[in-house]
Amino acid sequence: MAKKEDIEYDDVSKIVLIGDAGVGKSNILSRFVRKEFCLEFKPNIGFEFASRILQVEGKMVKAKIWDTAGQERSRAVTSQYYRGAVGALLVYDITKRQTFDNIQRWLRQLRDHVDSDIVIMLAGNKCDLKHLRAVQVEDGQALANKEGLLFLETSALDATNIERAFQSILIQINHIKRLRALAAREAAAAASRRGQGTTVDVADASGSAKKIGCCST
Ligand code: GTP
Ligand code: MG
């Protein structure tokens, strides 16, 4: 078990935040990690990350969450940003249709850089601004169904579904890691069975029996 700042954890999972500028990525992160929200818009430059250790299905998991700028000019950092990510929160702003229309582009970029079994959640943020809604819940859900993503509407301002979004991603990551570990154990067991081979008795010309190991390669 690894240990940091006196809190022990069993596993680390890297989750990346992506989506257009101003959709609320940094506030989702600060709400989740520090329970803080900032009304003032402070666009990111480059990228940063913050961590929180939480319990997921009885396991202590360190969620390492990476945040970057949604602005076009900052998108050169992609490879390093995505490297090792096992989860992604793909964010749009329910009051700005364009941020939803750009989701496909973000999804393509994400899928170009990560393993196919990464867990992706689509999040329609700022759901507290119901009177300004430009994207219906059904549209978000339909896109998520079509692309095989998890889906929630969130609000970093009033904390709606922020905890739930990360919990859901981490639970799904946990399931995938368990499946991967099981597959690796089965492959190792199969390899070891092949390595041991089978033993057969062969009688030589003098009539005494010799044991010969037989392996398939
Ligand atoms: P970039 O770093 O430029 O990519 O933007 P970002 O996606 O990190 O957006 P950020 O978190 O900085 O939020 C942009 C603005 O939206 C800020 O003024 C926030 O206060 C506001 N905001 C973020 N989340 C919410 C929310 O859930 N509800 C409301 N009403 N405002 C929000
Ligand atoms: Mg930001």
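Residues numbered from 1 in each chain as written. Chains lettered and ligands numbered in written order. Predicted model: local features only at pLDDT ≥ 70, side-chain atom pairs only at ≥ 80, totals over all residues. Heavy atoms only, no water.

Trainee: Please explain the coordination of the magnesium ion (ligand 2) as it appears in this structure.
Mentor: In ideal tetrahedral geometry, four donors around a metal make angles of 109.5 degrees, whereas ideal octahedral geometry with six donors gives angles of 90 or 180 degrees. Within the first shell, the magnesium ion (ligand 2) binds the protein through S26 (OG) and N44 (OD1), at distances of 1.8 to 2.1 Å. Pair noted here: S26 is in helix α1 (residues 25-34) and N44 is in the loop between α1 and β4 (47-56), with a separation of 18 residues, a long-range link. Accessibility expressed as a relative area gives 12% for N44, which makes it buried. (Donors = N, O, S within 2.8 Å, 3.2 Å for Na, K, Ca; no water. Helix = DSSP H or I, 4+ residues; strand = E, 2+ residues; numbered from the N terminus. Buried < 20%, exposed > 50% of the residue type's maximum accessible area, 1.4 Å probe, protein only.)

Trainee: Can you walk me through the site of ligand 1 in this structure?
Mentor: If you check the shell around ligand 1, you find 25 residues, and the closest are K25, C38, L39, G70 and D128. Within the side chain of K126, an N or O atom sits 3.0 Å from an oxygen atom of ligand 1. Considering every element that reaches the shell around ligand 1, the biggest residue donor is α1, with 3 residues. Counted by class, the shell around ligand 1 contains 11 nonpolar, 9 polar and 5 charged residues. (Near = heavy atom within 4 Å. Polar contact = N/O pair within 3.5 Å; in protein donor to acceptor, adjacent residues only side chain to side chain. Nonpolar A, V, L, I, M, F, W, Y, C, P; charged D, E, K, R; others polar.)

Trainee: Would you explain the sheet that holds strand β7 (residues 119-125) in this entry?
Mentor: Where strands meet in a sheet, backbone hydrogen bonds hold them as pairs that are either parallel or antiparallel. The strand order across the open sheet built from 6 strands is β4-β5-β3-β6-β7-β8, with neighbouring strands paired in mixed fashion. The open sheet has two edge strands with one neighbour each: β4 and β8 (150-153). Neighbour to neighbour, the strand axes of the sheet diverge by 25° on average, direction disregarded. Note that β4 and strand β5 (residues 59-68) share 10 bridges and pair antiparallel. Paired with F49 across the bridge in β5 is W66. Relative to β8, helix α5 (residues 137-147) is tilted by about 165°, and along the sheet it contacts β6 (87-93), β7 and β8. (Pairing = 2+ DSSP bridges. Axes fitted to C-alpha atoms, helices over the stretch in contact; angles between N-to-C directions. Contact = heavy atoms within 4.5 Å.)

Take it as geometry only, folks, not as evidence of what the structure does.
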